[in-house]
Amino acid sequence: MEKQQHYNADDLKILEGLEAVRVRPGMYIGSTGVNGLHHILWEIVDNSIDEAANGYADEITVTLHKDGSASVEDNGRGMPTDINSKAKMSGVEIIFTKLHAGGKFDNENYAFSGGLHGVGASVTNALSKWLNVEVYRGNVFKMSFTSTYDKSKKKWLCGIPTAPLLDTKEKTKKKGTLVRFMPDGEVFETTEWNYDTVAKRLKELAFLNKGVKINLLDERPQYSFETGEDADGNVTNVRVERPPREPVTYKYDGGLVDFVKYLNDGKTPLYEEPLYYSDIKDIQIKGAPAGKIKIEFAMCHTKDDTESLFSFVNNISTVEGGYHENGFHSGLLKAMNDYARNNGFLKAKDAPFIPDDIKEGLTAVLTVKLANVEFEGQTKTKLGNPEVRQPVEQTVIEGLSKLQNERGRKTVFEEIAKKAKFAADDRIKHRAERDVAKAASENDGLNLVGKLASCSGKNPDLNELFIVEGDSAGGTAKQARVRAYQSILPLRGKPLNVQKKSALQALQNEEIKTMISAIGAGFNRSFDVEKTKYKKVIILSDADQDGMHIRCILLTFFFKYMRDLINAGYVYIGMPPLYKVYKKDVVEYAYDDEELDEKIKKVGKGYSIQRYKGLGEMSADQLWDTTMNPETRNMIQVTIEDAAEAASVIEMLMGDKVEGRKEFLAQNANFNKVDGFIEKVNFKSAESGEAD
Ligand code: 0R9
């Protein structure tokens, strides 16, 4: 602290900048929940990725430490350690104390083409208890920052350097930067890193950054719960410590091509090697200087009938799409229409393909990189710059035309054109499908008598539809519900698994017709989320194997035929409790084994435990209190990734590839991947085939 006077008035302004981050963290990282927590890790990882994308680093290691801190290390050039003449501080200090450092910093030395997104590492610093940096550039350099609350001044002193950058004079052969930080528990609702979230993102980044080796080390001990019985026959629940996870490494020399192959795992591709192309074009974003846009895509059609397009802008997943996706689709459509006309797949009398014809069964990854992007949409994951559309369209047309003329690609384009023609014919033949679905949508109350218990209110914002496993639980739910805004749809047995069915076949199924009719927004291509009667569609199934299977089947249905319902965030998984812990009048519910421990302590000596095997075991009051009452219930909002994962699980179990299924089942099907809401189950029921 002895050098504190080293920082002058100019710097104070900077520190106030960081204080703003403390005061309104949501403005900088979206939320202070688990997503916000991970955001501050991504900021640091992004810096390393930028260094790698510029060709200076090829290995990045992320470590989740025992003490709850996280660190990121890269083998790049190392952050600049010299004093910047303008700012009168080292690059290291700039990066961690200046908001938006990197992106806005206009000194040539520091011009990195990355840093195109995000709010910068200073935000991570501002929201951490402490942050330590080491730079390896011949010598080892060190710098530390801390955040404290100054009670007398009633303000946060956050991200304050404890001293200027220190040259330790220690020699090192290593190159690069190491950043370690402790997220502040006073800022975040949780400071526990989610391994699956981190792993998934790092894997994605490894796909998007070809050849970069990304390691993930989780040094935290793992815990599991073992239930047993003590001498008096009471249920016991003991926490057992297990060794940390094994380190993992992600590295894909094929980049996007490997990404597409990975996404197609378990599907049947129409051609062996995905198509790949990339180009850099000029772009003029309104109100910004002329710039460049890097466009890259890989694609491969499969025998499936839905499209999976994963798009990214500056390595950020654009789940809600945007102008780059529009450009991709229109480029693809133009290129394939030209090809099909010129090669006899479309005759003079045939109408041109429409986008859906080309999208059928398409798996593709599209990434664009450019400066001055704007994100829109509910979750800020939609690219809002219209100028992006044209260069992407142009690149796709050029790319596909070049690829067509490459040796060995002839059959690839023939396969795509054949598939599109088939889809177009099918579409024309099956216009009837739309009419049936429409009829089902409008068929209010007719074939629903005795099935759907409809709510009386008409406001989709308030209305909730519970899809309940089993007639008996359905009956209980009907008693428990608030009639004004809660509808109950009991499902008899397992719903039709639509994975292997055509849309028309799906429409012949009573249960599915009833769902379409209840939701009232159409189906498949005619689905219009604006027309939904419910902005909460809640799947309520038992916490056992069958229940998990039903969840997966329903999610697959929504994923395939009502995807926008998921995109809009209207699909939920209801979470009934697993245990009731009680003693005389005291009743507590536990939703998992960890909570069971807590609740046992809360109820105290002489407690009893009931383990719910199914929803049907609960009384109407209990079901209301634990699962249906908006004030007290536990629900999980289904993301498109969850649903895609459920669909790919179903695909693997039911799909064309028998080997994949066998291997999968042999490994005891760990369904926990779907963000923790599908427990570890052995999916025997799936093996025996469809449950129509
Ligand atoms: C572990 C996380 N890694 C980083 O945060 C990281 C930032 C960074 C970096 C540069 C190199 N490696 C890095 N790792 C760098 C160095 C130089 C020029 N540009 C970038 C150079 O030596 O000339 N920086 C990112 C931003 C900045 N450095 C700065 F310039 F703004 F300071």
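What you see is a predicted model; the values in this text were computed from it and never measured.

## Focus: the side chain of threonine 532
Piece 1. With respect to the helices and strands, threonine 532 occurs in the loop between helix H15 (510-519) and strand S22 (536-540).
Piece 2. According to the relative accessible area criterion, threonine 532 is buried, its value standing at 3%.
Piece 3. A polar contact of 2.8 Å, which involves the side chain of threonine 532, links it to the backbone oxygen of tyrosine 534.
Piece 4. Contacts of threonine 532, omitting those with residues within four sequence positions, involve Pro460, Ile519, Ala521, Leu565 and Tyr570.

## Things to note about empty space enclosed by the protein
Empty space left among the atoms is revealed by rolling a probe the size of a water molecule over them.
Piece 1. By the definition in use, this model includes 2 cavities of 30 Å³ or more.
Piece 2. Considered as a void within the structure, the largest cavity measures approximately 50 Å³ in volume.
Piece 3. Taken together, Asp542, Ala543, Pro576, Pro577, Leu578, Tyr612, Lys613, Gly614, Leu615 and Met618 form the lining of the largest cavity.

## Details of the environment of isoleucine 488
Piece 1. Tracing the backbone shows isoleucine 488 in strand S21 (residues 486-491).
Piece 2. By relative accessible area, isoleucine 488 is classed as buried at 0%.
Piece 3. For the pair formed by isoleucine 488 and threonine 476, sequence separation is 12 residues and the distance between their alpha carbons is 9.9 Å.
Piece 4. Setting aside anything within four residues of it in sequence, one finds isoleucine 488 in contact with Lys451, Leu452, Ala453, Phe466, Val468, Gly474, Ala477, Lys478, Arg481 and Met628.

## Here's the deal with helix H13 (residues 471-480)
Piece 1. Along H13, the residues that are buried comprise Ala473, Gly474, Thr476, Ala477 and Ala480. In an axial view of H13, the angular spread of the buried residues amounts to 160°, which keeps them on one side of the axis. Turned more than 90 degrees off the buried face of H13, the exposed positions are Ser472 and Gln479.
Piece 2. Tucked into the core, H13 has its buried residues touching strand S20 (464-469), S21 and helix H19 (620-628).

## Here we look at the sheet that holds strand S16 (residues 321-322)
Piece 1. The strand order across the open sheet built from 3 strands is S16-S19-S18, with neighbouring strands paired in mixed fashion. Where the open sheet ends on each side, the last strands, each with one partner, are S16 and strand S18 (375-376).
Piece 2. Of the pairings in the sheet, the one linking S18 to strand S19 (residues 382-383) comprises 2 bridges and is antiparallel in character. Opposite phenylalanine 375, over in S19, you have leucine 383 as the bridge partner.

## Some thoughts on the pairing of strand S25 (residues 586-590)
Piece 1. In this sheet, S25 lies alongside strand S24 (residues 579-583) in antiparallel orientation, the contact comprising 5 bridges. When the sheet's bridge partners are listed, tyrosine 582 is paired in S25 with valine 587.

## Describing the nonpolar core
Piece 1. Residues Leu41, Phe96, Met299, Phe328 and Leu400 are the most contacted members of the largest nonpolar core, which totals 104 residues.
Piece 2. If sequence neighbours within four positions are ignored, methionine 299 has contacts with Val260, Tyr271, Pro274, Leu275, Phe328, Leu332, Leu362, Thr363, Ala364, Leu400 and Ile416.

## Looking at unusual backbone geometry
Piece 1. Of note, the phi angle at asparagine 314 is positive, near 50°, even though the residue is not glycine.
Piece 2. Turning to its location among the elements, asparagine 314 is positioned in the loop between strand S14 (308-313) and strand S15 (316-317).
Piece 3. One non-glycine residue with positive phi stands out, namely lysine 380, at about 55°.
Piece 4. Note on lysine 380: relative accessible area 53%, which makes it exposed.

## With respect to the sheet that holds S25
Piece 1. Read from one edge to the other, the open sheet built from 3 strands follows the order S25-S24-S26, with strand pairing classed as antiparallel. Strands with a single pairing partner mark the edges of an open sheet, and in this sheet they are S25 and strand S26 (608-611). Direction aside, the axes of adjacent strands within the sheet are offset by 20° on average.
Piece 2. The sheet strands contacting helix H18 (residues 593-603) are S24, S25 and S26, and the helix crosses S25 at an angle near 165°.

## Concerning the pattern of salt bridges
Piece 1. Applying the stated rule across the entire model yields 37 salt bridges.
Piece 2. We note a salt bridge from arginine 201 to glutamate 204, for which the minimum N-O separation is 2.8 Å. Taken together, the residues span about one helical turn, with arginine 201 and glutamate 204 both in helix H6 (residues 195-208) at a distance of 3 residues. Judged on exposure class, the residue arginine 201 and its partner glutamate 204 are both buried.
Piece 3. Between aspartate 461 and lysine 535 there is a salt bridge, with the nearest N and O atoms lying 2.8 Å from each other. Residue aspartate 461 is located in the loop between helix H12 (431-442) and S20, and its partner lysine 535 is located in the loop between H15 and S22; the two are separated by 74 residues in the primary sequence.
Piece 4. Connected through salt bridges with shared partners, the residues Lys349, Asp350, Lys421 and Asp425 form a single ionic network.

Quick notes on the rules
Residues numbered from 1 in each chain as written. Predicted model: local features only at pLDDT ≥ 70, side-chain atom pairs only at ≥ 80, totals over all residues. Heavy atoms only, no water. Helix = DSSP H or I, 4+ residues; strand = E, 2+ residues; numbered from the N terminus. Buried < 20%, exposed > 50% of the residue type's maximum accessible area, 1.4 Å probe, protein only. Polar contact = N/O pair within 3.5 Å; in protein donor to acceptor, adjacent residues only side chain to side chain. Contact = heavy atoms within 4.5 Å. 1 Å grid on protein atoms, 1.4 Å probe; cavity = no way out; pocket = protein on both sides within 12 Å on 5 of 7 lines; lining within 4 Å. Points joined across faces, edges and corners; volume = space filled by probe spheres on them. Arc of directions from axis to C-beta. Pairing = 2+ DSSP bridges. Core = buried A, V, L, I, M, F, W, Y, C linked by side-chain atoms within 4.5 Å. Axes fitted to C-alpha atoms, helices over the stretch in contact; angles between N-to-C directions. Salt bridge = Lys/Arg side-chain N within 4 Å of Asp/Glu carboxyl O.

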